[in-house]
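# Structural overview for review
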Amino acid sequence: MDSAAKDEMQLELSPGPEWPEQERAEQLARGAALKWASGIFYRPEQLARLGQYRSREVQRTCSLEARLKSVVQSYLEGVQTGVWQLAQAIEAVQGTREALSQARGLLQGMSQALRTLQPLRERVAQYKQLQAMSHLLPRLRAVPAAVAHTQTLIDAQQFLEAYMSLRELEQLREDTWAPLGGLELPVFQGLDLLFEALGQAVEAAAGAAGKLAREDPALLVAAVRVAEVETGRTTPLGQVPRDWRQRCLRALQEGLEQTHFGSPLLPAPGALPGWLEALRVALPVELATAEALVAPCCPPQYNVVQLWAHTLHSGLRRSLQHLLAGPELEAADAFALLHWALHVYLGQEMMGSLELGPEADVSQLEPLLTLENIEQLEATFVANVQASVSQWLQNALDGEVAEWGREQGPNTDPSGSYYSPMPAIVLQILEENIRVASLVSESLQQRVHGMALSELGIFLRSFSDALIRFSRDHLRGKAMVPHYVPYLLAALNHQSALSSSVSALQLEGAPSGALAPVEAALDKLQRRICRLVLEALQVELQPLFADLPSRQWLSSPELLESVCERTGRFCRDFGRVRNPTVQLLLAEAERAVVLQYLRALMQGRLVCRGADERTQAAERLRHDAAQLQQLFLGLGLEENAHCAPVLLALRELLNRDPALLGLEVAGLQQQFPDVSEDHVSALLGLRGDLSREQQLAALSSLQAALPPSPRASRRALFSLVPAPAPAPASCLPSGSCARARLLSE
């Protein structure tokens, strides 16, 4: 920097008028100094040191002024340097601006020159294209022939040669792109279609992999190699990658599904077992072919065996879903499908075969049938089987009922018992259906078991209803049945056969009470048949008991002999009933005769005129009891089941001293707890020698009687015998009618 510039800058930086703040600061400083001085020199002894304070302050002031001057001088020099540098920068910017203006002018002139050179540049580009085309022209002329030859190779399934030819043509097209600036020549327009044709041919070969692996494995290998090379190749810019590997895998799956599950037609009703059997044979063969022939023709990453297994499984699963979505299957078809899917398909003959290697990975397969499918098939099977079983049982029952009206008696077995194949047929039908269901699953077996028990219960009710109609028509004379009682006895044998064999329907592990409803229905059927037989016996005996008791009865045993003769003739066929039912039937028949006897005694037809008649009546009761016991012992009834001894107990009421009748009445009640005062009153009325007080005394012993003996009869007797009913006005609100009648006399 020259001296003139420095002087000029010093003039420009010379101080101007003082600042107002400076004057205020000086005032504050002076005030502060004055305050300090007044504080310091307030005491007189400090005035001696005034000179020292003055000299020290002067030195301090000089030091501060020197430092301030140094700082200000340094600041001024920096400012002067900065101003000088700014001036130099302004000069440089001005020069640059002028240079840029000159460059702009030059560029405008060059753009004009470039516009004039544009036609020349285009000529040069055309020359380069023509030069490149002149080199490629011999190859371009051969393109149409190469395209036709490639098409011929594709048609001839020479995939490797066709692919190499296409790659050469594609390389030639890429060589022409750069010189032509990305322009594609018309001669190459069909190249993409040719590639697609080759891809479709490779895809078709892959779709027939199973057949080619057996007949022409080289063709399959060529198709797979072409697909693999094309998948791994880097495609030119602007082209979509051709993933022929995935196309090949899809073709493998679609071809396999088309072979086995391509038909849209579902198996006709009844044809499903045959279709499943064909699959049982074909699918293992297909898997063996894949493992032995197809897998060696494909790369390891194809996982051919696993692909085959999963594809076959998926195709079969879709076909079955389509089948189940259609019309409802018949029972045989539903059973065949359930058994095949749950046992055959996963068994050693198919997917569970030990020859099937681990690469098949069948453990990852979805269930062939979903739980909903299994539920649907089981419900369909059970419903159809139930309808068939119901029809079969009804036919068996109709055939049995049709035989009841024939002229011949029931058939007999070698032992002489009445026999019919109906119980065996019924149980065989039910057992066979339960056994067949067990071949599928436990759940289906339980369903069919429940259905079988339900149908058996319905059959038993229908059997009972048929017997009631049979009996009603016979008793009303609508149908003359020559062998009415024998067919009832045959029905009793049927019930016995069913009762003895129904335990065969019990499933292992099933609750013990599962058969309880059926057993209860069988017991009810047995009681109903016995009741019908006994009703027929009562019809036979009722006219004979019309004259009992009577004077003729007292004097002659002919009346009861007629009863025994007719009863023996009626019960003659009871021997054709199997044990233990025959014992039950004989016991009920014996009780029915005794009940008829008791009813006759309760009618009050006879009153003894004296001690001789009472003795005759007592003896007649003893004789009749012995005769009835002898009759039924001869028929085979066990002695402990007899009811005739009740007549011996009644005998004591007739020949006992009146004073001791209370003991006899109490003893009667201990043996037969169901005896009532009305019954005892009616029996005492036979004596004809008791006063009202004596009868009341005897009846009062019933109130004070001891509890029934442990050996007392538990079978109902007197409760089934109606006592003579007095006029309603003679019955008191409480107590028996017999007691009320005696009190009112």
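Residues numbered from 1 in each chain as written. Predicted model: local features only at pLDDT ≥ 70, side-chain atom pairs only at ≥ 80, totals over all residues. Heavy atoms only, no water.

This part is about the overall build of the protein. Counting its regular elements, the protein contains 26 helices and zero strands. By the burial criterion, 39% of the 745 residues in the protein qualify as buried. Once local pairs closer than 6 in sequence are excluded, the contacts in the protein between residues at least 24 apart make up 77%. Of the roughly 41600 Å² that the protein leaves accessible, carbon and sulfur atoms contribute 56%. (Helix = DSSP H or I, 4+ residues; strand = E, 2+ residues; numbered from the N terminus. Buried < 20%, exposed > 50% of the residue type's maximum accessible area, 1.4 Å probe, protein only. Contact = heavy atoms within 4.5 Å. Areas by Shrake-Rupley, 256 points an atom, 1.4 Å probe, with all protein chains shown as cover.)

Time to look at the confidence of the model for the protein. With 86% of its residues at a pLDDT of 70 or more, the protein shows a mean pLDDT of 81. Per-residue pLDDT stays below 50 along residues 4–17; that stretch engages in eight contacts with residues further than four places along the chain or on separate chains. The low-confidence segment residues 727–735 (pLDDT under 50) makes seven contacts with residues lying over four places distant or belonging to another chain. (pLDDT = per-residue confidence, 0-100.)

Remark: the centre distance and the inter-plane angle together describe each pair of aromatic rings, the angle taken between the planes. Within this structure, the stated rule accounts for 10 aromatic pairs. Taking 5.4 Å as the distance between ring centres and 35° as the angle between the ring planes, the aromatic pair formed by Trp340 and Tyr345 counts as tilted. When the ring of Phe470 is compared with that of Tyr484, the centres are 5.3 Å apart and the planes differ by 40°; the resulting orientation is tilted. Within this pair, whereas Phe470 is found in helix H15 (residues 442–475), its partner Tyr484 is found in helix H16 (residues 484–501), the two being separated by 14 residues in sequence. As far as the burial class goes, Phe470 and Tyr484 line up, both buried. (Phe/Tyr/Trp six-rings, centres within 6.5 Å; stacked < 30°, edge-to-face > 60°.)

Attention now moves to the environment of Leu393. By secondary structure assignment, the location of Leu393 is in helix H13 (residues 371–403). When the C-alpha positions of Leu393 and Ile458 are compared, they lie 9.5 Å apart, and in sequence the two are 65 residues distant. Discounting residues that sit within four places of it in the chain, Leu393 has contacts with Val426, Ile429, Glu455 and Phe459.

It is worth spelling out the state of the cysteines at this point. Throughout the structure, instances matching the rule amount to zero disulfides. Note on Cys298: no disulfide assigned, nearest cysteine sulfur contributed by Cys297 at a separation of 6.2 Å. (Disulfide = S-S within 2.5 Å.)

In this structure, Pro580 follows Asn579 across a cis peptide bond, with omega equal to 0°. With respect to the helices, strands and loops of the structure, Pro580 is situated in the loop between helix H19 (558–570) and helix H20 (581–602). Positive phi is not limited to glycine here, since Gln157 has a value of about 60°. In this structure, Gln157 sits in the loop between helix H4 (143–155) and helix H5 (159–177). Given a relative accessible area of 44%, Gln157 falls into the partly exposed group. With phi around 45°, Asn303 is a residue other than glycine that occupies positive phi space. Mapping Asn303 onto the fold places it in the loop between helix H10 (272–294) and helix H11 (304–325). Of the residues examined, Asn303 reaches a relative accessible area of 44% and is grouped as partly exposed.

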